[in-house]
Structure formats: C-alpha cells, structure tokens
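# Close look at the chain arrangement
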Amino acid sequence: AGAARLKAYRDLIAEAEKKLKEAEKDKEKLERSTAEARRSTANNLTRIEEMRKQNLANKQQVAQDSVALVKNMVTRQAAQLRLQRRRDRLTALDRKN
C-alpha cells in the first residue's frame, strides 16, 4: 500500500509539473503576443502620424496649386484678349490695304 501511495503521489507531481510547464509555455506565448501587439501598435501610430503630416502637406499643396491655377487662368485670359485685339488690328489693317 505504501508503494502504491508513493506512485500515486509521484504521478500527481508529474502531472502537476506537466501542467506547470504548459502554463509557462502559454505565459511566454502570451507575453510574445502582447509584445508584438505593442510593437505593431507603436509602428501603426508612427505611420498614422506620418500620414497625417503628409495629408497636411498635400492640403497645403492643393491650396497653393489652386491659387496658381487662378493666376494662370487670369494670365491666359489676358493673353487671349491681347491676341484677339492684335488679330482684330491685323484684320482692320488688311481691309485698309
């Protein structure tokens, strides 16, 4: 009976050690997963900040381009008007001659 009791205790201890070892593995796996999630979050936040800055720069560029387009339109209209006046003068001169 004493040998059977010792074997039972040894089996219980072996099972407990096995479960403890599995729990340690799970703990390490969860710690790695948590660390990876933290790294990923930090990287994502960095990328988000970079994108936010790029969006602001793009918004400023769009505003500058819009101003430049308006100036370009005014310049083109003035050039078209000058060209039309010159054509009209040339036509008038051609009629006189």
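Residues numbered from 1 in each chain as written. Predicted model: local features only at pLDDT ≥ 70, side-chain atom pairs only at ≥ 80, totals over all residues. Heavy atoms only, no water.

So, about the overall build of the protein chain. A tally of regular secondary structure across the protein chain gives one helix and zero strands. What you see for the protein chain is a C-alpha radius of gyration of 41 Å, clearly larger than the 13 Å of a compact globule of 97 residues, by over 25%. The 97 residues of the protein chain split such that 0% are buried. By element, 56% of the accessible surface of the protein chain is carried by carbon and sulfur atoms, the whole surface being about 9,400 Å². (Helix = DSSP H or I, 4+ residues; strand = E, 2+ residues; numbered from the N terminus. Rg over C-alpha atoms; globule rule 2.2 N^0.38 Å. Buried < 20%, exposed > 50% of the residue type's maximum accessible area, 1.4 Å probe, protein only. Areas by Shrake-Rupley, 256 points an atom, 1.4 Å probe, with all protein chains shown as cover.)

Let us look at a nonpolar patch on the surface. Taken together, the side chains of V70, M73 and V74 make up a nonpolar region of the molecular surface, amounting to roughly 250 Å² of accessible area. Examined against the element boundaries, V74 turns out to sit in helix α1 (residues 2-96). (Patch = residues over 30% accessible without salt bridge, like charges linked within 9 Å, V, L, I, M, F, W, Y side chains within 5 Å. Salt bridge = Lys/Arg side-chain N within 4 Å of Asp/Glu carboxyl O.)

In this structure the tally under the stated criterion is four salt bridges. Residue K27 is joined to E31 by a salt bridge in which the shortest nitrogen-to-oxygen separation is 3.7 Å. Taken as a pair, K27 and E31 lie in helix α1 at a separation of four residues, close to a single helical turn.

Looking now at a positive patch on the surface. Residues R82, R85, R86 and R89 make up a contiguous surface patch of positive charge. Looking at the element boundaries, R82 is found in helix α1. R82 gets classed as partly exposed once you look at its relative accessible area, which sits at 43%. (Lys, Arg positive; Asp, Glu negative; His and termini not counted. Charge placed at Lys NZ, Arg CZ, Asp CG, Glu CD.)

Just geometry here; none of it tells us what the structure is for.
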